[in-house]
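Chain by chain, the residues:
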Amino acid sequence: SICCAHDSTKTMTSSNKFLCRRFQIRLWLEAFLNKPFTSTSWEQELTDGVTLCKLMHAFREDLIPHINTTNLHFRAKENVLFFLNACRDLQMPDWFFFEVSDLTDGTNFVRVLECLDWVARTFDEEEELKVIPRYSDFKDKVNVEECENVDSQVAELIEEEKKHRRTQKMNLAKWQCISQKSFQGQLDTKQAKVITTKRTQRIVAVYSEDEMKKLLPGMTVLQSIVRGRIARALYRKMVIDNAYRTKIALEILNTERTYVQNLRVLVKTFLIPLREAADSDYQILTKDQIRKIFLCLEVIVGYNSRLLELMETRIKDNWSPQQCLGDIFIEINQYLRTYTQYVKDYSESRDLVNKCKGNNPRFSEFLNEAQSNPETNSLTFNDYMIMPVQRVPRYILLLKV
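Residues numbered from 1 in each chain as written. Predicted model: local features only at pLDDT ≥ 70, side-chain atom pairs only at ≥ 80, totals over all residues. Heavy atoms only, no water.

Student: Sorry if this is basic, but what is going on with the overall build of the protein here?
Tutor: Counting its regular elements, the protein contains 15 helices and two strands. With 401 residues in all, the protein has 36% of them scored as buried. Sequence-distant contacts in the protein: of pairs separated by 6 or more residues, those separated by 24 or more amount to 65%. Taken as a whole, the protein presents about 25600 Å² of accessible surface, with 53% of it coming from carbon and sulfur. (Helix = DSSP H or I, 4+ residues; strand = E, 2+ residues; numbered from the N terminus. Buried < 20%, exposed > 50% of the residue type's maximum accessible area, 1.4 Å probe, protein only. Contact = heavy atoms within 4.5 Å. Areas by Shrake-Rupley, 256 points an atom, 1.4 Å probe, with all protein chains shown as cover.)

Student: Please clarify how the pattern of salt bridges should be interpreted in this entry.
Tutor: Enumeration according to the criterion identifies 15 salt bridges in this entry. As a salt-bridge pair, R257 and E312 come within 3.3 Å of each other at their nearest N and O atoms. Residue R257 is found in helix 8 (residues 209-278), and its partner E312 is found in helix 10 (residues 297-318); the two are separated by 55 residues along the sequence. Overall, R257 belongs to the partly exposed group, its relative accessible area being 30%. (Salt bridge = Lys/Arg side-chain N within 4 Å of Asp/Glu carboxyl O.)

Student: Can you help me understand a positive patch on the surface in this one?
Tutor: Taken together, the side chains of R88, R229, R232 and R236 present a region of like positive charge at the surface. Here the positive patch gets three residues from one element, more than from any other, and that element is helix 8. Along the chain, R88 turns up in helix 3 (residues 73-89). (Patch = residues over 30% accessible without salt bridge, like charges linked within 9 Å, V, L, I, M, F, W, Y side chains within 5 Å. Lys, Arg positive; Asp, Glu negative; His and termini not counted. Charge placed at Lys NZ, Arg CZ, Asp CG, Glu CD.)

Student: In this structure, what is going on with the environment of Y339? I would like to understand it.
Tutor: Positionally, Y339 belongs in helix 12 (residues 337-359). Linking Y339 and I300, residues 39 residues apart in sequence, is a C-alpha distance of 7.5 Å. Beyond its immediate chain neighbours, meaning those up to four positions away, Y339 contacts Y259, I300, N304, P388, R391 and V392. Polar side-chain contacts of Y339 include one of 2.5 Å to the side chain of N304. (Polar contact = N/O pair within 3.5 Å; in protein donor to acceptor, adjacent residues only side chain to side chain.)

Student: I keep staring at the packing of helix 8 against helix 15 (residues 387-400) and nothing clicks. Help me out?
Tutor: The description of two packed helices rests on the angle between their axes and on the distance between the axes. Running from amino to carboxyl end, helix 8 crosses helix 15 at an angle of 175°, the nearest separation of the two axes being 11 Å. Between helix 8 and helix 15, the angle is such that the two are roughly antiparallel. When helix 8 is examined against helix 15, the residues I248, E251, I252, T255, E256, Y259, N262 and L263 are found in contact with a partner set consisting of M387, P388, R391, Y395, L398 and L399. A breakdown of the residues in the contact of helix 8 with helix 15 according to their chemical character gives nine nonpolar, two polar and three charged. (Axes fitted to C-alpha atoms, helices over the stretch in contact; angles between N-to-C directions. Parallel < 35°, antiparallel > 145°, perpendicular 65-115°, else oblique. Nonpolar A, V, L, I, M, F, W, Y, C, P; charged D, E, K, R; others polar.)

Student: Would you mind showing me how to read the environment of A277 here?
Tutor: Within the secondary structure layout, A277 lies in helix 8. Along the primary structure A277 and K287 are separated by 10 residues, whereas in three dimensions their C-alpha atoms are 9.6 Å apart. Discounting chain neighbours no more than four positions away, the residues touching A277 are Y282, Q283 and I284.

Student: What's the story with the side chain of N108 in this structure? I'm lost.
Tutor: With respect to the element layout, N108 can be found in the loop between helix 4 (100-104) and helix 5 (109-125). Classification of N108 by relative accessible area gives buried; the value is 11%. Within the structure, the side chain of N108 is placed 3.3 Å from the backbone nitrogen of R111, a separation counted as a polar contact.

Student: What is the right way to read a nonpolar patch on the surface from this model?
Tutor: There is a patch of nonpolar side chains on the surface, built from L222, V226, I230 and L234 and spanning about 390 Å² of accessible area. Within the secondary structure layout, L222 lies in helix 8. According to the relative accessible area criterion, L222 is exposed, its value standing at 53%.

Student: Explanation requested: the packing of aromatic side chains in the structure shown.
Tutor: Here a ring pair, both rings aromatic, is described through the centre-centre distance and the interplanar angle of the planes. This structure, assessed with the given rule, holds 14 aromatic pairs. Ring centres of F270 and F366 lie 6.4 Å apart, and the angle between their planes is 85°; on these two criteria the pair is classed as edge-to-face. One end of the pair, F270, is in helix 8; the other, F366, is in helix 13 (residues 361-371), with 96 residues separating them in the sequence. We note that F270, like F366, is buried. Of the aromatic side chains, those joined through ring pairs into one cluster are F270, F294, F366, F381 and Y384. The residue whose ring lies beneath R362 is Y282, and the NZ or CZ to ring-centre distance is 4.3 Å. (Phe/Tyr/Trp six-rings, centres within 6.5 Å; stacked < 30°, edge-to-face > 60°. Lys NZ or Arg CZ within 6 Å of the ring centre and 35° of its normal.)

Now the structure itself:
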């Protein structure tokens, strides 16, 4: 009876520690995301994966490709996959990972909390990012009595989970021991042959036809388990790759839209007024100077407007995992050669602008007035002119990603 009492005390102490850590994780999540949980069983609010994705996205934006907010079960699983992949990017040890069903189906919240505990401690170690609030700051705010009264069944669930894990470990060790002895006995009593390949050497026991019939159902089950595991791993990888692929496609589209808009502002605010002034009595620059400064800018605007139109048709209306953008760039490949001439003559164009600024007060006054236009978004003339030089390397960078 004394031993039983000692074990009971030890069990309750372990349960209390876990309850306190559970409450600490809740406080930290609420403070980190600035959003309180609405129920006592707050783990249920994590099942859609949205909160977990927002947690990783707030820590580092590139960790999460997309957050699904629809109330669909398979979308919730995708969110959890994104979170687990982010944990893998943070180099979380394998024993802290949980299965997707542990969270979405609510079968094992204990493993989910252990994962969140590791994530919180990892965030605290990132000194460069200076993550606020810190997980360790909430340790002193945990009330043991309050934790015990939160959910009276949590302690029992914890102990059942621990017993289940101990049983699994014992069964695994027992099975390994029996398998080794059985296989060794088979090698001692049965005929065996050695199969040698280029890399390995295997010993294969030779069974009779009747013995193979007995082993065949078990081998079939084992093959189905292995194939199912491989298929699920490939599916998870496919979902994550497709999400990142969609994110990159949308980023290419959005940056192209911004780029074309800026080029049109450059033409409207700078090029057209200078050209109109060249045909009037109030001349700011000669037509030859305008040609040498702006180079083939209007041709580039026309080509990129066409590129934007093709991208919007492909991405905005018909995008799917089977779609691609490579054929669009191949179609306009010959037009991109215009950039080669622009980049080649850009240095001379910039030098001419600087020379005109120093020798032509009208041009300096025109630039100051044009740059104060709200449409320029506080960008200078030089900022606009260098955009075509920077655009092609960004295409390469985004497409390689």
